[in-house]
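# Reading the structure
Here are the chains, one letter per residue:
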Amino acid sequence: MSDIKGLKCRECARAYPIRPVHVCEFCFGPLEVDYDYAAIGARVTRQSIEAGPATMWRYRALLPVDGEIVVGRYCGLTPLVEARNLGKALGLRRLYLKNDTVNHPTLSFKDRVVAVAVNKALEFGFPVVACASTGNLANSVAAHAAEGGLTSFIFIPADLERGKVLGTSIYAANVVAVRGTYDEVNRLCSEIADKHGWGFANINLRPFYAEGSKTFGYEIAEQLGWRAPDHVVVPAAGGSLITKIWKGLREFHGLRLIPGVPTRMHVAQAAGCAPIVTAVRANTDLIRPVKQPTGIAKSLAIGNPADGYYAFKTVKQSGGMGEEATDEEIVDAMKLLAATEGIFAETAGGVTLAATRKLVQQGAIGRDEVTVACITGNGLKTQEAVAAALRPPIHIQPTLRSFDEILTQSNGAGPSLVDGKAA
Ligand SMILES: *Cc1c(COP(=O)(O)O)cnc(C)c1O
Ligand SMILES: [Zn+2]
């Protein structure tokens, strides 16, 4: 039933059978899943997809899983929110938010990639699944390993947010905090993968993992009524998501599910770690690694992005741009999103919206153009990023008088009530 030909090197096109390998032995290029699109096109239609489950598995003809879906069966098909209030604030008439803050089961887009990777780990018979993570991947691998009855080893930089660490440990995972940057964690994990023969979601299972991100793009197109948007703004860490949203849209066009792909892909990163944005601005495909990432957007803090080169190419080929956001801009954007749309995103969401705002101000995104901002993770996991910027609760006695007192004080020096709206 599978329409998969095997793996193929992105650089020299050499073919490999389906197995847990990710680098070409001949040219060291990354391997990618190779599909038989003619066979897929003969079976897949808008109707066949719409008749599928209300999850990312409605696109399983375009995902590299052979057998039964064992873990992550409820992932995906998150809301595409029409953001009228936020759009007004940013000067956009047709702004949408692809809202993976509510993805099942661990509240970030990483559940899409892990659902594919861990099913694949089960198919390959790995007893242990593992990953090097900036936080969300840790949560998701641990959760899916638990569901699949697998042991997990999760490697993280030691300075991650509390919510990301706790949200991993709860799944009975072996959490290993490494005193170093993500890039040092990742290098260590490559050695562990070789020595112990474990399945690392984002290393030896990476060709399969990466395909899960395509569903983010498929859903955007289907939810817009089977059309691609004019702009997508994507937060980048390793650079895989932006590359695969673009691939997903182009696959849909190739299968004639959408009429065209006019989409400009814009990359958003934090000022404290922006190697891809820097390359886009300098117009060079040589990504200069950031040795010591800084700032509150820890989920995006990959100084040496594995797919940086392909992310750069995606932005350039699509006519997109790159923008970065300071910590202050990130916090402001997180607060604006919450105050206008009632959505609490993590720092990466703040990065995306701060970048979107700048792209609008520069005229790179037009007021009437269909724009999708990718909101990829949940704010409850990165509470310390905004805690100091929020108003604490107002304390009162359990009496009407005590309440009325603070209500009348609300225009004074004390904290104003709901920004004065209640008065
Ligand atoms: C991992 C992550 C990203 C970026 O993903 P890449 O594919 O590595 O570029 C974006 N947002 C959040 C919340 C993430 O956890
Ligand atoms: Zn090769």
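What counts, and at which threshold
- Residues numbered from 1 in each chain as written.
- Chains lettered and ligands numbered in written order.
- Predicted model: local features only at pLDDT ≥ 70, side-chain atom pairs only at ≥ 80, totals over all residues.
- Heavy atoms only, no water.
- Helix = DSSP H or I, 4+ residues; strand = E, 2+ residues; numbered from the N terminus.
- Contact = heavy atoms within 4.5 Å.
- Areas by Shrake-Rupley, 256 points an atom, 1.4 Å probe, with all protein chains shown as cover.
- Lys, Arg positive; Asp, Glu negative; His and termini not counted.
- Charge placed at Lys NZ, Arg CZ, Asp CG, Glu CD.
- Donors = N, O, S within 2.8 Å, 3.2 Å for Na, K, Ca; no water.
- Tetrahedral: all angles 85-135°; square planar, octahedral: opposite > 155°, others 65-115°.
- Buried < 20%, exposed > 50% of the residue type's maximum accessible area, 1.4 Å probe, protein only.
- Pairing = 2+ DSSP bridges.
- Patch = residues over 30% accessible without salt bridge, like charges linked within 9 Å, V, L, I, M, F, W, Y side chains within 5 Å.
- Salt bridge = Lys/Arg side-chain N within 4 Å of Asp/Glu carboxyl O.
- Domains from an automatic or database assignment.
- pLDDT = per-residue confidence, 0-100.
- Polar contact = N/O pair within 3.5 Å; in protein donor to acceptor, adjacent residues only side chain to side chain.
- Core = buried A, V, L, I, M, F, W, Y, C linked by side-chain atoms within 4.5 Å.
- Near = heavy atom within 4 Å.
- Nonpolar A, V, L, I, M, F, W, Y, C, P; charged D, E, K, R; others polar.
- Axes fitted to C-alpha atoms, helices over the stretch in contact; angles between N-to-C directions.
- Parallel < 35°, antiparallel > 145°, perpendicular 65-115°, else oblique.
- Left-handed = near helix turned anticlockwise from the far one by under 90°.

## Points about the overall build of the protein
- Helix and strand counts for the protein come out as 15 helices and 13 strands.
- In the protein, of all internal contacts separated by at least 6 residues, the share reaching a separation of at least 24 is 70%.
- Total accessible area on the protein is roughly 18,100 Å²; 52% of this is exposed by carbon and sulfur atoms.
- Here the protein carries 45 positive and 41 negative side-chain charges, and the mean point of each set is 3 Å from the other.

## Side note on the coordination of the zinc ion (ligand 2)
- Binding of the zinc ion (ligand 2) to the protein goes through Cys9 (SG), Cys12 (SG), Cys24 (SG) and Cys27 (SG), at separations of 2.2 to 2.3 Å.
- Given four donor atoms and angles of 97 to 118 degrees at the metal, the environment of the zinc ion (ligand 2) is assigned as tetrahedral.
- All donors to the zinc ion (ligand 2) come from one chain, and their sequence spacing reads C-x2-C-x11-C-x2-C. A residue pair is termed long-range when its members are at least 10 positions apart, and Cys9 in strand β1 (residues 4-9) and Cys27 in the loop between β2 (15-16) and β3 (31-35) qualify at 18 residues.
- Overall, Cys9 belongs to the buried group, its relative accessible area being 2%.

## Structural notes on the sheet that holds β2
- Ordered in space as β2-β1-β3, the three strands form an open sheet in which the pairing is antiparallel. The open sheet has two free edges, formed respectively by β2 and β3, since each of these has just one partner strand.
- Taken together, the five bridges between β1 and β3 define a ladder with antiparallel strand orientation. Considered in β3, the bridge of Leu7 is made with Val33.

## Quick word on a nonpolar patch on the surface
- Side chains of Ile394, Ile396, Leu400, Phe403 and Leu407 sit close together on the surface and give an oily, nonpolar patch of about 420 Å² of accessible area.
- Relative to the elements of secondary structure, Leu407 occurs in helix α15 (residues 400-409).

## A word on the domain arrangement of the protein
- Under the domain assignment used here, the protein contains domain 1 (80-107 + 213-387) and domain 2 (397-423).
- Measuring from the centre of the C-alpha atoms in domain 1 to the corresponding centre in domain 2 gives 39 Å.

## Here's the deal with the confidence of the model for the protein
- Residues at a pLDDT of 70 or more form 97% of the protein, whose mean pLDDT is 95.
- When the criterion is pLDDT under 50, residues 419-423 qualifies, and its contacts beyond four places in sequence or with other chains add up to three contacts.

## What about the side chain of Gln269?
- The residue Gln269 is located in strand β11 (residues 264-270) in this model.
- Only 3.1 Å separates the side chain of Gln269 from the backbone nitrogen of Val277, close enough to count as a polar contact.

## Structural notes on the nonpolar core
- By size, the foremost hydrophobic cluster in this structure holds 82 residues, and its most contacted members are Trp57, Val141, Ile154, Val234, Ile245, Phe252 and Val267.
- Among the elements that take part in this core, helix α4 (residues 110-124) stands out by supplying seven residues, more than any other.
- Apart from residues no more than four positions distant in its own chain, Val267 is found in contact with Val234, Ala236, Ile242, Ile276, Val277, Val280, Val315, Met321, Gly322 and Glu323.
- In this structure, Leu86, Cys189, Ala193 and Ala345 belong to the second largest nonpolar core, which totals 46 residues.

## Thoughts on the site of ligand 1
- Around ligand 1 lies a shell of 16 residues, among which Lys110, Gly238, Gly239, Leu241 and Thr376 are the nearest.
- A distance of 2.9 Å is found between an oxygen atom of ligand 1 and a backbone nitrogen or oxygen belonging to Ala237.
- Between an oxygen atom of ligand 1 and a main-chain N or O atom of Gly238, the distance comes to 2.8 Å.
- When ligand 1 is considered free in solution it has 390 Å² of accessible area, and contact with the protein chains removes 97% of it.
- Looking at the shell around ligand 1 residue by residue, the classes come out as seven nonpolar, seven polar and two charged.

## Looking at the packing of helix α9 (residues 214-223) against helix α10 (residues 240-254)
- Where α9 contacts α10, the axes come no closer than 7 Å and their chain directions differ by 50 degrees. Relative to α10, the element α9 lies oblique. Between α9 and α10 the crossing geometry is right-handed. Facing Lys214, Phe216, Gly217, Tyr218 and Ala221 of α9, the residues of α10 in contact are Leu241, Lys244, Ile245, Lys247, Gly248, Leu249, Glu251 and Phe252.

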